[in-house]
Amino acid sequence: MRRKSDKEIKKEFNIFLILGIIAILFGIFIILLPIMPTTPYEEYKEKEVIISEFDHFYGGPKGASYDYIITEDGEKYNVTGEYSRSKLSEILIKGTTAVIKYDTNNILPFIKYAEEITVGGNKIVTYNNDAPTNWTPHIIFCTIFCLIGVLFLFAFRWQIIRNRKLQAKRDVRIMKKYGKLKK
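In this text, all values refer to a predicted model and were calculated from it rather than measured experimentally.

Student: Provide a residue-level description of the overall build of the protein, including the pertinent values.
Tutor: When you go through the protein residue by residue, the secondary structure sums to 4 helices and 6 strands. Helices and strands appear in the protein in the N-to-C order α-α-β-β-β-α-β-β-β-α. Here the protein has a C-alpha radius of gyration of 28 Å; the compact-globule value for 183 residues is 16 Å, and the former is much larger. Within the protein, contacts between residues separated by at least 24 positions form 63% of all contacts whose residues are at least 6 apart in sequence. Of the roughly 12,900 Å² of accessible surface on the protein, 61% is carried by carbon and sulfur atoms. A distance of 31 Å separates the average location of the 28 positive side-chain charges in the protein from that of its 20 negative side-chain charges.

See below:
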C-alpha cells in the first residue's frame, strides 16, 4: 500500500466539498426567494389577446403543475393569481378575446405570467401577489439544505483526518518492520 498525501485524498473526496457548498448555497437561495423583488401591480403590462388554447401542464409525480394559455400570436402565459380551473376552462375557449395583465419572471425572463385576466369586463383571474409571504416552508427547506451541506463538509474533513491517522499507522508498521528509514 503506497502512501497517499493529503492532496491526493482531498482530490479523491472533492465531491463531498462541492456537494456541501452547493447544498448550502441552494439553502441560502431558498431563504432569499421571498425577498426577491417583484413587480408592483401598477407596473404590469396590459395586452388584449385572442385565446388559442387553455390547458394544464402536469409534470409527473415530482414535476411542476400549472395552467397556461397560448394566444393566437403563439405566446404562452402561465396563469397565476386566484381562479377556478373549471370556470376558466369554460370561458377561455379558442377565439375568446381577453385582456391580460402580465409580466416576466425575474429569474427566467423568457417565462411570462398572466397575473390577471379579464373577459368581457369580468375578472376571471384576480391578482393575489400582495398576500403576506409564508416563511415556514422557506425556513424549513433552507435549514434542511444547509444541514445537508454541513454534513458533506464534515464528511470531507473526516476523510482527511481518517487518512492522516491511517498514514501514521502505516508509518509505524513500516518502522517496526524495517527500522528507521533514511530520507
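Student: Run through the pattern of salt bridges, naming residues and quoting values.
Tutor: Tallied over the full model, the rule gives 7 salt bridges. Note that Arg85 and Asp67 form a salt bridge whose closest N and O atoms lie 3.0 Å from each other. In this pair, Arg85 is assigned in helix 3 (residues 85–91) and Asp67 in strand 2 (residues 65–71), connecting sequence segments 18 residues apart. Judged by relative accessible area, which is 44%, Arg85 ranks as partly exposed. With relative accessibility at 2%, the residue Asp67 sits in the buried group. A cluster of three or more residues bridged by salt bridges with shared partners is formed by Lys47, Glu75 and Lys112.

Student: Before we move on, can you summarise the packing of aromatic side chains with the specific residues and values?
Tutor: Under the definition given, this model contains 8 aromatic pairs. Aromatic side chains Tyr44 and Tyr127 sit 5.6 Å apart centroid to centroid with 65° between the ring planes, which places their arrangement in the edge-to-face category. Remark: Tyr127 occurs in the loop between strand 6 (122–125) and helix 4 (136–178) and Tyr44 occurs in the loop between helix 2 (14–32) and strand 1 (45–58); sequence separation between them is 83 residues. Look at Tyr127 and you get buried, because its relative accessible area is 19%.

Student: Can you explain the pairing of strand 4 (residues 97–104)? Please cite residues and give values.
Tutor: Pairing of strand 1 with strand 4, which is carried by 6 bridges, proceeds in the antiparallel orientation. Along strand 4, the bridge assignment pairs Glu46 with Lys101.

Student: Can you break down a nonpolar patch on the surface residue by residue, with the values?
Tutor: A contiguous nonpolar surface patch, about 630 Å² in accessible area, is contributed by Ile21, Leu25, Ile28, Leu32, Ile35, Trp135 and Ile139. Here Ile28 lies in helix 2. A relative accessible area of 38% places Ile28 in the partly exposed class.

Student: Describe helix 2, listing the residues and the values that go with them.
Tutor: An ideal rise of 1.5 Å per residue puts 27 Å on 19 residues; helix 2 measures up with 27 Å between its terminal C-alpha atoms. The set of residues buried in helix 2 consists of Gly20, Ala23, Gly27 and Ile30. Looking straight down helix 2, one finds its buried side chains confined to an arc of 95°; they lie on one side. Contact partners of the buried residues in helix 2: helix 4.

Student: Before we move on, could you go through the nonpolar core and cite the residues and values that matter?
Tutor: Residues Ile69, Val79, Leu88, Leu92, Ile100, Ile117 and Ile124 are the most contacted members of the largest nonpolar core, which totals 16 residues. Among the elements of the structure, strand 1, strand 3 (76–79), strand 4, strand 5 (112–119) and strand 6 are those that each provide at least two residues to this core. Once you skip the residues sitting within four places of it in the chain, Leu88 turns out to touch Phe54, Val79, Tyr83, Ile124 and Val125.

So, how was this worked out
Residues numbered from 1 in each chain as written. Predicted model: local features only at pLDDT ≥ 70, side-chain atom pairs only at ≥ 80, totals over all residues. Heavy atoms only, no water. Helix = DSSP H or I, 4+ residues; strand = E, 2+ residues; numbered from the N terminus. Rg over C-alpha atoms; globule rule 2.2 N^0.38 Å. Contact = heavy atoms within 4.5 Å. Areas by Shrake-Rupley, 256 points an atom, 1.4 Å probe, with all protein chains shown as cover. Lys, Arg positive; Asp, Glu negative; His and termini not counted. Charge placed at Lys NZ, Arg CZ, Asp CG, Glu CD. Salt bridge = Lys/Arg side-chain N within 4 Å of Asp/Glu carboxyl O. Buried < 20%, exposed > 50% of the residue type's maximum accessible area, 1.4 Å probe, protein only. Phe/Tyr/Trp six-rings, centres within 6.5 Å; stacked < 30°, edge-to-face > 60°. Pairing = 2+ DSSP bridges. Patch = residues over 30% accessible without salt bridge, like charges linked within 9 Å, V, L, I, M, F, W, Y side chains within 5 Å. Expected span 1.5 Å × (residues − 1). Arc of directions from axis to C-beta. Core = buried A, V, L, I, M, F, W, Y, C linked by side-chain atoms within 4.5 Å.

As far as function goes, none of this settles anything; it's purely spatial.
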